[in-house]
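A structural walkthrough
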Amino acid sequence: MTQEREKSPVRISLLGCGTVGGGVLRLLQENKDFLGLRAGGEIEVTHVLVKSPNKPRVAECKKEWLTTDPEVIFGDPRVDLVVEVMGGEQPAYDYIQRAIAAGKGVVTANKLLIAKHGPELVEQAIKNRTDLAFEASVGGGIPIIRTLREALASDSVASVHGILNGTCNYILTRMREGMSFGVALQQAQELGYAEADPTLDVGGHDAAQKLVVMSMLAFGASVNAGEIMVEGISEIEEVDLQFADRFGYRIKHLGIGYDRGERVELRVHPALVRKNSVLANVDGVLNGVFVEGRALGPCLLVGRGAGDMPTAVSVVADIVDVARSRIEGQPGLATRGIQLKHRPVMPIEEVETRYYLRFAVGDHPGVLGHIASALGAESVSIEQMVQEGRALEADDAVPVCIITHRCQEGAVRRALKAIESQVFLKGAPRILRIEDV
Ligand code: NAP
Ligand code: HSE
């Protein structure tokens with residue numbers, strides 16, 4: 001049986017041939033010889049579905065593969081494996097469901113889809129004894145999904161801290177070097193890092209989707225993504241990067257997850273991390289995931305988190321795995337290892353960490369006292385406080401920066417509410433969390 005299968009190639013069709021799809025075709029061609037050996041049989045591309053057939057494509061994309069008609073792929077029983085690299089919810093969701101229902105293997109890079117429909121698609125794939133592989137949906141080229149699913153199958157994960165969005169990390173790194181937010185974002189787009197809609201990147205939603213997917217593997221958790229507190233980087237100002245630096249920190253955009261028994265703590269936001277911590281030095285488009293296993297202890301994965309070739313590495317690795325499982329007559333084996341249980345997300349008010357607070361205030365006597373008393377009334381204890389400069393005009397604002405001891409977010413929010421009504425405040429307070437990772 002196995003010998004017979006080895007003779008026939010595994011036929012794959014791509015849905016999409018943009019940044020990632022183009023990279024996949026290039027890598028399949030570049031590494032053709034050893035990919036066939038690793039899969040146990042040849043991998044043959046049959047079709048490539050696109051929207052605009054006349055757009056320029058990578059040289060490795062043969063004209064005769066291109067189609068705008070999905071029925072060409074779904075109506076062809078010889079197609080073993082569908083590689084979804086088109087993105088978005090629809091029609092990608094329908095196409096993946098159709099592929100699974102037809103017993104075809106599926107490889108996808110689509111975090112939006114896996115975050116929203118992952119548990120149900122995994123169940124459908126298990127029922128149909130086929131594979132659903134999604135390594136590229138988190139961390140671009142970093143093998144985080146495989147690490148959690150296979151290498152750490154023996155351990156229970158206590159927490160994950162991830163720089164999960166290459167665009168945000170690129171922008172924050174360039175801003176630290178003096179570039180404006182707008183120029184840095186434009187560069188990230190030109191380099192192919194950003195989503196078609198870059199507000200998904202800078203608004204934190206892309207990282208939130210990746211955190212949801214990662215928590216499926218890390219904690220076996222199926223969660224309601226709407227319960228996760230998500231903040232992006234668009235409101236980070238130069239002054240915050242400077243204050244963070246002065247206090248000994250860097251600002252990174254993080255996806256954070258903790259196993260909290262029946263619940264999970266999941267949150268996505270910019271955070272201050274100590275300059276000498278491992279994640280503080282993961283810069284540019286690099287992603288980094290810091291996993292704390294209960295038996296293993298700390299484990300760090302760092303690599304390029306976006307772009308055509310790094311992402312293609314993950315997609316093609318999945319293609320090889322799924323092809324091999326089919327050639328060996330064991331389709332669906334890897335997917336069957338994913339066991340999920342619904343877990344509520346801990347409300348943000350109950351989260352405990354340290355905080356960086358920045359206030360723009362009028363330069364009047366008693367202002368610091370007011371702020372300190374409001375925080376004290378909620379038992380929020382101050383670790384460090386800095387007031388910068390003096391106002392030249394009576395109406396000018398000066399920044400006051402505070403680092404708190406560990407406390408509940410609910411208490412900080414109540415204290416800020418009390419301060420917000422004070423006349424000395426010249427703008428909304430900035431609240432950033434500090435992560436000791
Ligand atoms: P992209 O460059 O915009 O490419 C999308 C491709 O899908 C294009 O070829 C487009 O066709 C095709 N397409 C879109 N809608 C279609 C439809 N309705 N019917 C047929 N074809 C359609 O996107 P990408 O950056 O490669 O991203 C693809 C997926 O990978 C997304 O889920 C993304 O989140 C994920 N991802 C991306 C990266 C990255 O670094 N870019 C990294 C990890 C994961 P045309 O070319 O004809 O327009
Ligand atoms: N837009 C994403 C990022 C692509 O910047 O991380 C990788 O998923």
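Please read these numbers as outputs of a predicted model, since none were measured by experiment.

Details of the overall build of the chain
A tally of helices and strands in the chain yields 15 helices and 19 strands. A compact globule built from 437 residues would reach a C-alpha radius of gyration of about 22 Å, and the chain, at 24 Å, matches this within 12%. Considered along the principal axes of its C-alpha atoms, the chain spans approximately 85 × 45 × 35 Å. Expressed as a percentage of the 437 residues in the chain, the buried residues total 54%. Intrachain contacts of the chain at a sequence separation of at least 6 include 75% that bridge at least 24 residues. A gap of 3 Å separates the mean positions of the 48 positive and 57 negative side-chain charges of the chain.

A short note on the site of ligand 1
Residues in contact with ligand 1 amount to 24 residues; listed here are only the nearest, V20, S52, K55, R57 and G307. Within the contact set of ligand 1, an oxygen atom lies 2.8 Å away from a backbone nitrogen or oxygen of C17. Within the side chain of K111, one N or O atom sits 3.0 Å away from an oxygen atom of ligand 1. The fraction of the free accessible surface of ligand 1 (900 Å²) that becomes covered by protein chains is 84%. Classifying every residue of the shell around ligand 1 by side-chain character gives 10 nonpolar, 9 polar and 5 charged.

A word on the domain arrangement of the chain
Per the domain assignment, the segments of the chain are domain 1 (2-140 + 308-339), domain 2 (144-304) and domain 3 (348-434). Look at where the C-alpha atoms of domain 2 and domain 3 centre, and you get two points 26 Å apart. In this assembly, 20 residues from domain 2 lie in contact with 17 residues from domain 3. Where domain 2 abuts domain 3, roughly 1,800 Å² becomes buried across the two surfaces, and 57% of that area is made up of carbon and sulfur atoms. When residues of domain 2 are sorted by the area they lose upon contact with domain 3, F243, F247 and L272 head the list and together hold 34% of the total. Counting across the interface, domain 2 meets domain 3 through 7 salt bridges. Between R430 and E235 there is a salt bridge; the shortest N-O distance is 3.9 Å.

A word on the nonpolar core
Counting residues in hydrophobic clusters, the biggest one holds 51 residues, and the most contacted among them are L132, F134, I144, L148 and M214. Within the residue set of this core, elements represented by two or more residues are α4 (70-74), α5 (92-101), α6 (111-127), α7 (144-151), β7 (157-163), α11 (205-219), β11 (263-274) and β12 (286-293). Ranked by residue count, the leading element in this core is α11, at 10 residues. Mapping this core onto the domain boundaries places at least three of its residues in each of domain 1 (2-140 + 308-339) and domain 2 (144-304). Here F134 is in contact with T108, I114, V122, I145, V213, M216, L217, D318 and I338, once residues within four sequence places are set aside. By size, the runner-up hydrophobic cluster in this structure holds 32 residues, among which are L14, C17, W65 and A136.

A closer look at the environment of A415
Residue placement: A415 occurs in helix α15 (residues 409-420). Accessibility expressed as a relative area gives 1% for A415, which makes it buried. In sequence terms A415 and P429 are 14 residues apart; their C-alpha atoms lie 11 Å from each other. Among all residues touching A415, those that are not within four sequence positions of it are A374, L375 and E378.

Topic: helix α8 (residues 166-176)
A large share of α8 lies buried, amounting to 9 of its 11 residues. All of the buried residues in α8 are G166, T167, C168, N169, Y170, I171, L172, T173 and M175. One side-chain oxygen of the residue at the start of α8 lies 3.1 Å from the amide nitrogen of T167, identifying that residue as N165.

A short note on the sheet that holds strand β6 (residues 132-133)
One open sheet accounts for 6 strands, arranged β3-β2-β1-β4-β5-β6; its pairing is parallel. Only two strands of the sheet have a single partner each, and these edge strands are β3 (66-67) and β6. The sheet contact formed by strand β1 (residues 10-15) and strand β4 (residues 81-84) spans 4 bridges and is parallel. Looking across to β4, one finds that L15 is bridged to E84.

Details of the pattern of salt bridges
As enumerated under the stated definition, the model contains 39 salt bridges in all. Among the salt bridges present, the one from E177 reaches R174, with a minimum N-O distance of 3.0 Å. On the basis of relative accessibility, which here comes to 55%, the residue E177 falls in the exposed class. Its relative accessible area of 21% is what places R174 among the partly exposed residues. As a salt-bridge pair, R260 and E265 come within 2.8 Å of each other at their nearest N and O atoms. Through salt bridges with shared partners, a single ionic network connects E135, R146, D318, D321 and R324.

Focus: the packing of aromatic side chains
Each aromatic ring pair is described using two quantities: the centre-to-centre distance and the angle formed by the ring planes. The full count for this structure, using the stated rule, is 3 aromatic pairs. Measuring from ring centre to ring centre gives 5.7 Å for Y170 and Y193, while their planes differ by 65°; the resulting arrangement is edge-to-face. You can see Y170 sitting in helix α8 and its partner Y193 sitting in the loop between α9 (181-190) and α10 (199-202), a full 23 residues away along the chain. Here Y170 and Y193 have matching classes, each one buried. Centre to centre, the rings of F243 and F247 are 6.4 Å apart; their planes meet at 25°, and the pair counts as stacked.

Conventions used here
- Residues numbered from 1 in each chain as written.
- Chains lettered and ligands numbered in written order.
- Predicted model: local features only at pLDDT ≥ 70, side-chain atom pairs only at ≥ 80, totals over all residues.
- Heavy atoms only, no water.
- Helix = DSSP H or I, 4+ residues; strand = E, 2+ residues; numbered from the N terminus.
- Rg over C-alpha atoms; globule rule 2.2 N^0.38 Å.
- Buried < 20%, exposed > 50% of the residue type's maximum accessible area, 1.4 Å probe, protein only.
- Contact = heavy atoms within 4.5 Å.
- Lys, Arg positive; Asp, Glu negative; His and termini not counted.
- Charge placed at Lys NZ, Arg CZ, Asp CG, Glu CD.
- Near = heavy atom within 4 Å.
- Polar contact = N/O pair within 3.5 Å; in protein donor to acceptor, adjacent residues only side chain to side chain.
- Areas by Shrake-Rupley, 256 points an atom, 1.4 Å probe, with all protein chains shown as cover.
- Nonpolar A, V, L, I, M, F, W, Y, C, P; charged D, E, K, R; others polar.
- Domains from an automatic or database assignment.
- Buried area = accessible area lost by both parts, 1.4 Å probe.
- Salt bridge = Lys/Arg side-chain N within 4 Å of Asp/Glu carboxyl O.
- Core = buried A, V, L, I, M, F, W, Y, C linked by side-chain atoms within 4.5 Å.
- Pairing = 2+ DSSP bridges.
- Phe/Tyr/Trp six-rings, centres within 6.5 Å; stacked < 30°, edge-to-face > 60°.

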